[in-house]
Amino acid sequence: MTRSLNPQVDRDAQAGTNDFEKSLPETEVAHAVFDERKRSIADHVQHFFHRNPTMVPVIVLVLSIVIFGVVAGSKFFHPFNLSLIMQQVSIIGILAAGQSLIILTAGIDLSVAAIMVLTSVVMGRFAVDYGVPVIFAIPLGFIVGTLCGYLNGKLITLLKLPPFIVTLGTWNIFYALNLWYSGAQSIRGQDIDKTAPMLKWFGERIVFFGAQLTYGTILMMVVFGALWYVLNRTAWGRHVYAIGDDKEAAELAGIRTDRTLVSVYAVAGLICAIGAWASIGRVGSVSPQSFFEGNLQSITAVVIGGVSLFGGRGSIMGPLIGALIVGVFQSGLRLSGVDVLWQVFAIGWLIIIAVAIDQWIRKLSA
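Quantities reported herein were computed from a predicted structural model and do not represent experimental measurements.

Q: Sorry, what's going on with the nonpolar core here?
A: When a protein is soluble and globular, its nonpolar side chains tend to lie buried together. One finds Leu199 and Phe329 to be the most contacted residues of the largest nonpolar core, which totals 81 residues. Residue contributions to this core peak at 13 residues, all from helix 4 (residues 79-104). Not counting residues up to four positions away in its chain, the partners in contact with Phe329 are Ser64, Phe68, Ala346, Ile347 and Leu350.

Structure, rendered in structure tokens:
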């Protein structure tokens, strides 16, 4: 604004401006105010479980132990029964560990049990039928299991197909190969004892205070402990969670998502092969028909354990607790005289309730 050469004109202009501003109607100046909604008890509970997803299965496990301890009596808390629960869930627990890695990436693998059984047949045939030293037959089985998982990952990333479709197909492929390679014949425990007793090593028991723990049970704990460290203390573990949470965002952050996904499925295949070695000791033989329902049972343990089916959320220790919950329910209902049919019925409701709770908790991040 240029000033006039006449000071009187400037003073008159300023006075006119002041008179105009005074003539404006007075308005109230108010800041935006947002009503803060008070959190209810349900909101606090929801936030707590969102921050600690493993607490849901922990609470369910504790409550189920207390309830069945009261219903079934002292038989349930006998050291032998508690150790038997651990033995019964050891193989499914190992499968659930591998399944958890895949579900954390928002995938699913319907072929884990088929990989495990095929790998056990490879180990058994090479060690017993072909006379290959067991120290070579077992690593060969590990390689086969890893390659099966690698194949799943490659098909998913190359063909861009949903993991459900790919692994449904490979489940049939691996199962057919298993029947063809084994001739649908089992390898007897007596033959394993004569030629390759090391195949049954994880079936050996440690007895103390009436409890009988197998090396397979200890192996399950070691597998979960190793995966906990990898997922929580390594960059690869953080990449697994990032892919499950948002694959596109992970790619923008520089994560090689396809490569990581293939490695996840390969590691899951290796874990299935480790479970195959433990399953020979658990069953006492190599059977091409064993653990036929392991695929669904592993998914059951993962879901009940609080790992989200939508990926990116959950603790690896949750599926271990989920497997124990299933074992506790089956043991408690059996000791209470409940028919097997209703045991399956109860597990079905557990799955539905677990997924409903997961959906309720996920509303916070929606």
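On we go.
Q: Explain the layout of surface pockets to me, please; I cannot follow it from the model alone.
A: Of the voids in this model, the largest pocket is the one considered here, and its volume is about 510 Å³. Along its surface, the largest pocket is lined by 19 residues, and Glu293, Gln297, Val326, Gln330 and Ile347 are the ones closest to its centre. Elements with a contribution of two residues or more to the lining of the largest pocket: helix 4, helix 13 (294-304), helix 14 (317-335) and helix 15 (340-362). Considering only residue class, the lining of the largest pocket consists of 10 nonpolar, 7 polar and 2 charged. Here the second largest pocket defines a volume of roughly 240 Å³. Lining the second largest pocket are 19 residues, with Val56, Val303, Ile304, Ala354 and Ile357 positioned closest to its centre. If you tally residues by element for the lining of the second largest pocket, the top one is helix 15, at 7 residues.

Q: When you look at unusual backbone geometry in this model, what are you seeing that I'm missing?
A: Most peptide bonds are trans, and most residues other than glycine sit at a negative phi. With phi around 55°, Lys160 is a residue other than glycine that occupies positive phi space. Note that Lys160 resides in the loop between helix 6 (134-159) and helix 7 (163-182). With a phi close to 60°, Ala184 is a non-glycine residue in the positive phi region. Along the chain, Ala184 turns up in the loop between helix 7 and helix 8 (189-195). Here Ala184 falls in the partly exposed class, since its relative accessible area comes to 45%.

Q: In this structure, what is going on with the environment of Thr146? I would like to understand it.
A: In this fold, Thr146 is placed in helix 6. Between the C-alpha atoms of Thr146 and Leu270, which are 124 residues apart in sequence, the distance is 4.5 Å. Contacts of Thr146, omitting those with residues within four sequence positions, involve Ala266, Gly269 and Leu270.

Q: Help me understand the packing of helix 4 against helix 9 (residues 215-233) in this model?
A: Geometrically, a packed helix pair is captured by the angle between its two axes and the distance between the axes. It is the contact of helix 4 with helix 9, at a shortest axis distance of 8 Å, that shows an interaxial angle of 20°. In terms of orientation, helix 4 lies roughly parallel with respect to helix 9. Between helix 4 and helix 9 the crossing geometry is left-handed. Each of Met86, Gln87, Val89, Ser90, Gly93, Ile94, Ala97, Leu101 and Leu104 in helix 4 lies in contact with helix 9, whose residues at this interface are Gly216, Thr217, Leu219, Met220, Met221, Val223, Phe224, Leu227 and Leu231. Residues belonging to the contact of helix 4 with helix 9 are distributed by class as follows: 13 nonpolar, 5 polar and no charged.

Rules and cut-offs
- All residue numbers refer to positions counted from 1 along the written sequence of the respective chain.
- pLDDT decides what is reported in this predicted model: residues at 70 or higher carry local features, side-chain atom pairs at 80 or more are listed and counted, and totals for whole chains, interfaces and linings draw on all residues regardless.
- To get the side-chain values, take all heavy atoms of the structure and skip hydrogens and water.
- By convention a nonpolar core is built from buried Ala, Val, Leu, Ile, Met, Phe, Trp, Tyr and Cys residues, the set being connected through side-chain atoms within 4.5 Å.
- Only protein chains enter the area calculation, which uses a 1.4 Å probe; residues under 20% of their type maximum are buried, those over 50% are exposed, and those in between are partly exposed.
- The helix count covers DSSP runs of H or I at least four residues long, the strand count covers runs of E at least two residues long, and both are numbered beginning at the N terminus.
- Note on contacts: a residue pair is in contact if any heavy atoms of the two residues lie within 4.5 Å.
- With a 1 Å grid laid over protein atoms only, a set of points is called a cavity when a 1.4 Å probe fits there but cannot get out and a pocket when it is open yet has protein on both sides within 12 Å along at least five of seven lines; lining residues have an atom within 4 Å of a point.
- Grid points are joined across faces, edges and corners, and a volume is the space filled by probe spheres set on the points.
- Just so you know the grouping, Ala, Val, Leu, Ile, Met, Phe, Trp, Tyr, Cys and Pro go in nonpolar, Asp, Glu, Lys and Arg go in charged, and all remaining residues, Gly too, go in polar.
- To obtain each axis, a line is fitted to C-alpha atoms, and for helices this fit is confined to the stretch in contact; angles are then taken between N-to-C directions over 0 to 180 degrees.
- For this classification, under 35 degrees means roughly parallel, over 145 means roughly antiparallel, 65 to 115 means roughly perpendicular, and everything else is oblique.
- Two helices cross in a left-handed way if the nearer one is turned anticlockwise from the farther one by less than a right angle. They cross in a right-handed way if the turn is clockwise.

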